[in-house]
Amino acid sequence: MKFVIQGGEKLEGEIEVMGAKNAALKIFPIVFLTDEKIRVSNVPDIEDCSRAEEMLLAMGHEVKKVGKGIVEIQRKSNKCVDLPEDLMNKFRASLMFVGPMLVSCGEVNFPHPGGCVIGAGTRPIDFFLDGFLKMGAKVRISENRYRITAKKLLGAEIFFPKITVTGTESLMMTAVKAYGTTVLKNAAMEPEITALADFLNSIGAKIEGAGTPTIKIQGVKKLGGGEYGIIPDRIEAGTFAILAAASKGGPITVKNCDPSHLEALWSLFDRIGVKYKLGNTEIKIFPGRGLKSSDVATHEYPGFATDLQQPYTVLMTQAKGSSLVHEAIYDRRLLFADSLTQMGANIIMADPHRIVVSGPTKLHGRKLISPDLRAGIALVLAGLVAEGKTEIDNIYQIDRGYEKVDERLKGLGADIKRV
Ligand code: EPU
């Protein structure tokens, strides 16, 4: 499947934001922490969520779609089986099942997880393993497989050498039913973590401090069931806001979002001269002429998200002056810039973590391949801004995280076809 984009159309109107992928993916493993039903709403219809649902089904549990974006999940079997290898290969968040399964089964066997190829080697999981060890588990590694066992999980003090989102969430979920108190230090502070902690607390967990660098979890014996509404996807909202800033049409309103999750982007918009208005659940962007360049360095929340670096790089090709884009979190997240260069952008790679983008430059349509999720959507943005036809292959990578993005972009007047 590929997207064929005829660039240069004037975009304007409204576009809706879906539920956050990186919040939704963390809810499915909670099935292993409670016997009761969990009803989840605002679930995005994306490939990664489908894989997480297939994972539960493959292990004998229930996943019922009861309405648009509403899914009920429940533990249906006490039998403990290995995590399905083919599904583990498809997305990194599959790793989120390990902690809860360790709590409920005392043993987990799994291969190294897949996902976007953006980090060192195959994206390490050492912080997870160190955390499980600290909580009293045993870890055996052979070739590409892991076997983790724990007769009893104990509360522990765990300091993360580097801030990790899924690491924080995994150990938080594991500690929820461990014996005693766990303190996570240098924890990640992303809104998805706060949302997860709020939900776990609503079904009986005792978590304090989520959204700060120190999270304290008092283990409890039992969790109940409940309802969880997925928060809006801040990366999607930021991506659409950046597209609006790059487009030369009329105003664009990004709806159903939480602008307070994107303060780093608004401060950059102020610097580069984008005019916008923030509401409680929407953002209106007024396309301007004469964008100025500004350097950016990605940072853990509340800093500028690494998942918005790629769309921002596209925007900088349209701004006057040079901008240094410093990708501080991942090693391979700037390689996609080569595709922008093929489209006519003036980008120099200083080192694997830094590029210099000089603009403004006209972009021209090209045949490209989506290397991963966030780079993929950035190429879509570039195709919309460019003159002529752009073809983007391997759009499974885009569908992993953006629900029917082509349909929603068409609503703004974009000429984009899925073929
Ligand atoms: N790291 C380690 N060891 C570990 C874990 C992480 O060295 O055991 C390093 C990584 O190599 C990286 C840094 O720590 O350099 C941050 O990695 P982190 O663990 O925070 O990444 P993640 O939890 O795997 C989540 C999101 C990413 C998002 C980052 C932002 C999910 C499922 N994924 O990843 O989302 O970029 O946080 O920090 O929540 C995406 O949606 O496209 C995506 C990649």
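Predicted model, so just to flag it, every value in this text is computed and none were measured.

What the domain assignment lists for the protein chain is domain 1 (2-18 + 232-418) and domain 2 (21-229). Here the C-alpha centre of domain 2 lies 30 Å away from the C-alpha centre of domain 1. Taken residue by residue, the interface counts 24 residues in domain 1 and 26 residues in domain 2. There are four salt bridges connecting domain 1 and domain 2. The residue Glu 192 makes a salt bridge to Arg 234 at a minimum N-O spacing of 2.9 Å. Mapped by element, the contributors of at least two residues to the side of domain 1 that touches domain 2 are α12 (373-385) and α13 (396-399). Ranked by residue count, the leading element in the side of domain 1 that touches domain 2 is α13, at three residues.

Not every one of the 24 residues close to the ligand is listed here, only the nearest: Asp 126, Thr 164, Thr 166, Asp 307 and Arg 374. Within the contact set of the ligand, an oxygen atom lies 3.2 Å away from a side-chain nitrogen or oxygen of Arg 333. Notes on the ligand: free accessible area 810 Å², of which the protein chains cover 93%. At the level of elements, α1 (21-24), α5 (126-134), α6 (165-175) and α12 are the ones that each hand at least two residues to the shell around the ligand. Per element, the largest residue contribution to the shell around the ligand is three residues, and it comes from α5. Of the residues assigned to the shell around the ligand, the class counts are eleven nonpolar, four polar and nine charged.

A separate point is the sheet that holds strand β19 (residues 346-351). One open sheet accounts for four strands, arranged β17-β18-β20-β19; its pairing is mixed. The open sheet has two edge strands with one neighbour each: β17 (296-297) and β19. With two bridges joining them, β17 and strand β18 (residues 321-326) adopt parallel strand pairing. When the sheet's bridge partners are listed, Val 296 is paired in β18 with Val 325. Taken strand by strand, helix α10 (residues 309-316) contacts β17, β18, β19 and β20 (354-359), and its axis lies near 30 degrees from that of β20.

Basis of the calculations
- Residues numbered from 1 in each chain as written.
- Predicted model: local features only at pLDDT ≥ 70, side-chain atom pairs only at ≥ 80, totals over all residues.
- Heavy atoms only, no water.
- Domains from an automatic or database assignment.
- Contact = heavy atoms within 4.5 Å.
- Salt bridge = Lys/Arg side-chain N within 4 Å of Asp/Glu carboxyl O.
- Helix = DSSP H or I, 4+ residues; strand = E, 2+ residues; numbered from the N terminus.
- Near = heavy atom within 4 Å.
- Polar contact = N/O pair within 3.5 Å; in protein donor to acceptor, adjacent residues only side chain to side chain.
- Areas by Shrake-Rupley, 256 points an atom, 1.4 Å probe, with all protein chains shown as cover.
- Nonpolar A, V, L, I, M, F, W, Y, C, P; charged D, E, K, R; others polar.
- Pairing = 2+ DSSP bridges.
- Axes fitted to C-alpha atoms, helices over the stretch in contact; angles between N-to-C directions.

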